[in-house]
Amino acid sequence: MKKIVLFGLLLTAGFANAQAYKGKGDQKFQVGANFQDHATGIMLTYDHGLGENISIGLQTTYLLGVDGDNSNFDDDFDVKARFSANIGNVLKLPTNMDIYPGLDLGLRNFGAHAGIRYFFSDGFGLFTEVGIPIASYKNNPVGYDKLNNQFQFNIGASFNL
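A quick note: this is a predicted structure, and the numbers were derived from the prediction, not measured.

(A) Region of the structure containing the overall build of the protein chain. Looking only at helices and strands, one finds 2 helices and 8 strands in the protein chain. Classification of the 161 residues of the protein chain by burial places 38% in the buried group. Considering only contacts within the protein chain whose residues lie at least 6 apart along the sequence, 56% involve residues at least 24 apart.

Below, the structure is given as structure tokens:
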């Protein structure tokens, strides 16, 4: 029993040293699963800290499974420039947790995202994120034009670089 308690205390001390967002110069890489209506895929993000609470980055998504898959590469692929406000410290969250709402500009739309990261160690954590289009480049997207142009849910691993 003493070994279990000691292990728990050491593990807790390790969590205290992890930081989800460090400010200017911070770099994050995330890889995860992307879920949207009639499609699933993979997504990658890279974020670079510009200041205490501001980061910019890139996001790319590629859909691997599309219902009635007659889609082509242009339908399945998307890339976005991102701007995020990292507000974990503003909300007085533990240093190993961050919430980041933001805006993105992609190949299909202008949109918004919001996510949360939780780091277990200084280099590894988990994230979950949602994204929505605010303004689509097509007035009424139908069929495959809705891919990467609708509500999205992402979940995966986050890494400090």
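(B) Structural detail: the pairing of strand β3 (residues 54–66). Bridge count between strand β2 (residues 39–49) and β3: 11 bridges; the pairing is antiparallel. Within β3, the residue paired with Met 43 across the bridge is Thr 61. The antiparallel hairpin formed by β2 and β3 contains 4 residues in its connecting segment. Two elements, β3 and strand β4 (residues 77–85), share 9 bridges in a ladder whose sense is antiparallel. Its bridge partner lying in β4, Ile 56 is registered against Phe 83.

(C) Up close: the side chain of Arg 108. Turning to its location among the elements, Arg 108 is positioned in the loop between β5 (97–106) and β6 (109–119). Buried within the structure, Arg 108 lacks any salt-bridge partner; Asp 75 is the closest side chain of opposite charge, at an N-O distance of 4.3 Å. Among the polar contacts made by the side chain of Arg 108, one reaches the main-chain carbonyl oxygen of Asp 75 at a distance of 2.9 Å. In this view, Arg 108 contacts Asp 74, Asp 75, Asp 76, Phe 77, Asp 78, Ser 136, Tyr 137, Tyr 144, Asp 145, Leu 147, Asn 148 and Asn 149; residues no more than four positions away in its chain are not counted.

(D) Main features of the packing of aromatic side chains. Under the criterion given, the structure shown has 7 aromatic pairs. Measuring from centroid to centroid gives 5.7 Å for Phe 124 and Phe 159, while their planes differ by 55 degrees, and the two rings are tilted. Taken as a pair, Phe 124 in strand β7 (residues 124–136) and Phe 159 in strand β8 (residues 152–160) lie far apart in primary sequence, 35 residues in all. Judged by its relative accessible area of 33%, Phe 124 falls in the partly exposed class. Taken together, the aromatic side chains of Phe 29, Tyr 118, Phe 120, Phe 124 and Phe 159 make up a single cluster linked through ring pairs. Over the face of the ring belonging to Tyr 100 we find Arg 117, whose NZ or CZ atom lies 4.2 Å from the ring centre.

(E) Quick look at unusual backbone geometry. Phi angles above zero are rare outside glycine, and Lys 92 is one such case at about 60 degrees. Relative to the assigned elements, Lys 92 resides in the loop between β4 and β5. A residue is classified by how much of its surface remains accessible, and Lys 92, at 73% relative accessible area, is exposed. Of note in the backbone geometry, Asn 148 takes a positive phi value of approximately 60 degrees without being a glycine.

(F) Fine view of the sheet that holds β2. Ordered by their spatial adjacency, 8 strands build a closed barrel running β1-β2-β3-β4-β5-β6-β7-β8, and the pairing between neighbours is antiparallel. Between one strand axis and the next, the sheet turns through 25 degrees on average, direction left out of account. As judged from the 8 bridges shared by β7 and β8, these two strands associate in the antiparallel manner. If you follow Glu 129 over to β8, its bridge partner there is Asn 154.

(G) Layout of the pattern of salt bridges. Under the definition given, this model contains 9 salt bridges. Residues participating in the shared-partner salt-bridge network are Asp 47, Arg 82, Asp 98, Arg 117 and Glu 129.

(H) Region of interest: the pairing of β8. Here strand β1 (residues 27–36) pairs with β8 via 9 bridges, running antiparallel. Bridged to Gln 30 within β8 is Ser 158.

Thresholds, definitions, all that
Residues numbered from 1 in each chain as written. Predicted model: local features only at pLDDT ≥ 70, side-chain atom pairs only at ≥ 80, totals over all residues. Heavy atoms only, no water. Helix = DSSP H or I, 4+ residues; strand = E, 2+ residues; numbered from the N terminus. Buried < 20%, exposed > 50% of the residue type's maximum accessible area, 1.4 Å probe, protein only. Contact = heavy atoms within 4.5 Å. Pairing = 2+ DSSP bridges. Lys, Arg positive; Asp, Glu negative; His and termini not counted. Salt bridge = Lys/Arg side-chain N within 4 Å of Asp/Glu carboxyl O. Polar contact = N/O pair within 3.5 Å; in protein donor to acceptor, adjacent residues only side chain to side chain. Phe/Tyr/Trp six-rings, centres within 6.5 Å; stacked < 30°, edge-to-face > 60°. Lys NZ or Arg CZ within 6 Å of the ring centre and 35° of its normal. Axes fitted to C-alpha atoms, helices over the stretch in contact; angles between N-to-C directions.

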